[in-house]
Amino acid sequence: MKFKSLIITLLASSIFLTIIICIWKILATLQGLSFTSLNFNLNLLLSLGLVITCIFIGKKLNHNLKIFILSLLFTILYTFLNENSPMWFSVGIFLLILFFTNKLKKYDLKYLNQDFISEKIVFEFLSLFAIVFFALVILFPFYIMFVTSFKTQTALLINPIDLSIDFSKNIFEIFKSYFVIFKTYDFGRYILTSSYVSVGTVLITLLFAIPAAYAVARLNFFGKTFLSTSILIIYMFPAIVLVIPLYTVFSQLGLRNSVEGLLIVYTATTLPVAIYMLQGYFKSIPKEIEEAGLIDGQNWFGIIIKIIIPLSLPAIASVSLYVFMIAWNEFLFSLMFLDNPKTFTLSRAINHLTGDAETPRQYLMAGSVLVTLPILLIFIYFEKYLVSGLTAGSVKG
Amino acid sequence: MSSTLSKIEKRTAYTLLLPAVCLVFAIILFPIFANVWISFKEVGLKDIRIPEPRAKKIVKNIQDSNSELKIIYKLRNSSLIQDIREVRFSDKLPKNVEPVNLDKRCEFKSQKVKCFFGDWEAGYRENFEIFVKEVNNNAINKNNVKSYNPGLNGKSNNILLTTDFTLKNFKNVFINNNFFELLMTTFYFTFFGTLGAILFGIFAAQLVNQKFYGRTFMRSILLFPYVGPVVALAYTWTLLLDPNSGTINSLLVNYGVIEKPINLLGQKYLIINILGFELKLRLALTTVIFFEIWRYFPLAFLFILARLQAIPKDLYEAADVDGAGPFRKFFYITLPQITAILSILFMIRFIWNFNKFEDIFLLTGGASGTLTLPISVYQQGFAISNIGMGSAVSIVIVLLLITFMIIYFKLIGKKANEI
């Protein structure tokens, strides 16, 4: 029993450590270090040695002293056995080992003697690995997007894996792509259009959705159940089946290439979900408060303005952020309706940039950063509201 | 008393609902029905423009005389394919200015020249001239003459409003365009995209449901792919996967994993040899599916996490007492608790993925075996410029969608409302 769990611990932890070191190495490659081999086997042996020493020393030494000495030894050995590498790379390795040996703190021979311990340990390392995996898979493209916007096309073509930013250049040179897309490609205007469209969509949607949601939540009328089910069904119909008729009608009415046309379409497509989310919240407001308002002689307009809206600000915030996100990120309609660069939104403008194969990719990525950054910042800042918006917006539709 | 109250209530309800209902009707329901109409017609992108009679006005001096002028109207039919019937023209002249030798088709009345040009065929052009003269032989102010804009109108057939119908579009959709392959690609993409997103969602939710340092941070970044704009993310991935100078291919070549770069988005099949069997993998489609999974697993994650956090803790405590390991806890406690939400998620994400346009369009544009139904709508309607065909494909999508919805409401509609 003890032997089996010892072997499993050794394998799981050392494989984990090796993979982490490989990832660090790959990331270092992207900073311009020229490694050509991962040395997987050697690293695995080194890690095994480290884990064995760590477990057998157990609690015989002071923990902090132990992990410090072990990490230092490992790093020196690693640097000695592998290719030459700069100081920052070894420091990274050292920190990684420090973190890893700290994780091994409670593992000594006595601990490994417990029941079911091997499964637990495998699970622990699996989830540690999963955290690293998910973080890497998600952040990597964002990292690439950001870093590429500071490079130049020629540098990228010569060595596509060297993504390091040359800080010795002056600040104007480093941020050149951003200056260029604002000056030559007119991105300032697109940012304004996008903001105008998104904020406008939010306002109009709220203007239409709040009264409608109030009616669905509170008032009795013929066709109410029909209406509330059709809201959901309508929300299921995708933009792609609306595109051709809207395109033809908008062409004939002269609404194409106009921001107003876009506003109308965005509002209509987000209305069902906005109504759905708001009415759910309105229902949770106690009826007695409204009745008090009625007695005070308020009509429905007064009730909505003075009672419902102040009480449901969190829900309104969720809806607004959700609608803002949809409008800011929307692509299909802006592709179909806008062909005049004067009316482009950010998404459409970036798509337009790629239409020209000559456009250097750092400009494309700088544009991408410009469209991504605001929405991510808003998301991080208002996460609570946006998450509840997302939840309601996607399961029920 | 109560009946009047309920009447007022009803009226209020309808007033409150009216704007929203009208807008949704005009922009969502009307187009769905309009699709049916257009799909039975032979309409191209160029037919949409309504033909207009147009005139460009040029004013010229006549030699030696400043009391006379020549006005040239360059008349044309704006459309090269459609006729305009009964074209009428009118233009105003300044005070005391009169036309001389006016064309037979025209008449002059209360300072206005009015003409009836009859029918113009497609692409019609004419230079129409009027000579004008100041009645008292005074000089004419040229700018004054120029300042009036001629008015033109005529009747034309709006091809969208005629009643000639044809079944040609549907015949083309089902017979000529490899419909079966199109449908299969759509289903592959939808099914594996949905399944993958849910599997990764389960992993991620299981992960974040544990306690570890940096958990809230992890929860935020897990939603990044979904929150980020699809245009930026799709182009970033295209650059990453680029065979010539993409980071991923270069890394793989650098570490000797592959010999030559693989065109992950531009190669239809990848042939793999396993134990002498040749396996053909739809490479571009697989890549697109992985992008889809990457972008939409956050949603699955969000729902599964919410459900996981609602599972009573004592279930796990009891399992601890019984000595169950983490894997058993997952299969015997967690999984049965989340099956309901998983089935709902699967159905809904299936419907949504079935209609996904942007992701594939931006990554491959429907090339190298990634043509799905929504991309086909765009290709037929705007790349080949056959609006009627595009609409016919839209109709196929709507019909399939309605089928899915019926299945959904039959199977789990009621359950969905309980959750």
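Residues numbered from 1 in each chain as written. Chains lettered and ligands numbered in written order. Predicted model: local features only at pLDDT ≥ 70, side-chain atom pairs only at ≥ 80, totals over all residues.

Remarks on the overall build of chain A
Secondary structure summary: chain A contains 19 helices and zero strands in total. The C-alpha atoms of chain A give a radius of gyration of 29 Å, which is well past the 21 Å a tight globule of 397 residues would have. Overall, chain A is about 80 × 55 × 35 Å in size when its C-alpha atoms are taken along their principal axes. For chain A, contacts bridging at least 24 residues in sequence account for 79% of all contacts bridging at least 6. (Helix = DSSP H or I, 4+ residues; strand = E, 2+ residues; numbered from the N terminus. Rg over C-alpha atoms; globule rule 2.2 N^0.38 Å. Contact = placed C-beta atoms within 7 Å.)

Quick notes on the overall build of chain B
Per the secondary structure count, chain B includes 14 helices and ten strands. On C-alpha atoms alone, chain B measures out to a radius of gyration of 34 Å, which is more than a quarter above the 22 Å that the 2.2 N^0.38 rule sets for 419 residues. Taking the principal axes of the C-alpha coordinates as reference, chain B spans close to 115 × 85 × 45 Å. When contacts within chain B are restricted to residue pairs at least 6 apart in sequence, those whose partners lie at least 24 apart make up 72%.

Quick notes on the sheet that holds strand β4 (residues 97-100) of chain B
All names here are of chain B. Taken in spatial order, the four strands of this open sheet run β1-β2-β7-β4, and their pairing is antiparallel. Looking along the sheet, the strands with just one partner apiece sit at the ends: β1 (53-62) and β4. Adjacent strand axes in the sheet meet at a mean angle of 30 degrees when their direction is disregarded. As defined by bridge partners, strand β2 (residues 65-77) adjoins strand β7 (residues 125-134) across nine bridges and the pair is classed as antiparallel. The residue bridging isoleucine 71 from the neighbouring strand is isoleucine 130, located in β7. (Pairing = 2+ DSSP bridges. Axes fitted to C-alpha atoms, helices over the stretch in contact; angles between N-to-C directions.)

Concerning the domain arrangement of chain A
Reports of interface size often rely on the accessible area that becomes lost once the parts have come together. The assigned domain composition of chain A is domain 1 (2-142) and domain 2 (180-395). On a C-alpha basis, the centroid separation for the pair domain 1 of chain A and domain 2 of chain A is 47 Å. (Domains from an automatic or database assignment.)

What about the nonpolar core?
Proteins that are soluble and globular tend to have nonpolar side chains buried together. Judged by nonpolar contacts, the single largest core of 165 residues is most densely connected at A:Ala209, A:Ala212, A:Ile275, A:Leu278 and B:Phe301. Examining the composition of this core, we find that 17 residues originate from one element, helix α9 (residues 283-309) of chain B, more than from any other. Counting 22 residues, the second-largest nonpolar core is a separate cluster that includes A:Ile20, A:Ile67, A:Ile93 and A:Phe125. (Core = buried A, V, L, I, M, F, W, Y, C linked by C-beta atoms within 7 Å. Buried ≥ 20, exposed ≤ 12 C-beta atoms within 10 Å, placed from the backbone.)

Topic: the interface of chain B and chain A
Every contact between the two is made by 78 residues of chain B and, on the other side, 84 residues of chain A. In terms of residue count, the dominant contributor to the side of chain B that touches chain A is helix α1 (residues 2-39) of chain B (19 residues). Split by residue class, the side of chain B that touches chain A holds 55 nonpolar, 19 polar and four charged. (Nonpolar A, V, L, I, M, F, W, Y, C, P; charged D, E, K, R; others polar.)

Regarding the sheet that holds strand β5 (residues 106-109) of chain B
Residue and element names in this part refer to chain B. The sheet built from four strands is open, its strands ordered β5-β6-β3-β8 with antiparallel pairing. Looking along the sheet, the strands with just one partner apiece sit at the ends: β5 and β8 (151-155). Each neighbouring strand pair of the sheet contributes to a mean axis angle of 15 degrees, computed without reference to strand direction. Bridge count for strand β3 (residues 84-92) against β8 is four bridges, and the pairing is antiparallel. Within β8, the residue paired with arginine 85 across the bridge is lysine 155.

Here we look at the domain arrangement of chain B
As far as domains go, chain B holds domain 1 (51-155) and domain 2 (177-385). Just the C-alpha atoms count here: the centres of domain 1 of chain B and domain 2 of chain B sit 65 Å apart.

Concerning helix α13 (residues 373-383) of chain B
A large share of α13(B) lies buried, amounting to eight of its eleven residues. Note on α13(B): the residue one or two positions beyond its end, B:Ser385, has a positive phi of about 60 degrees.

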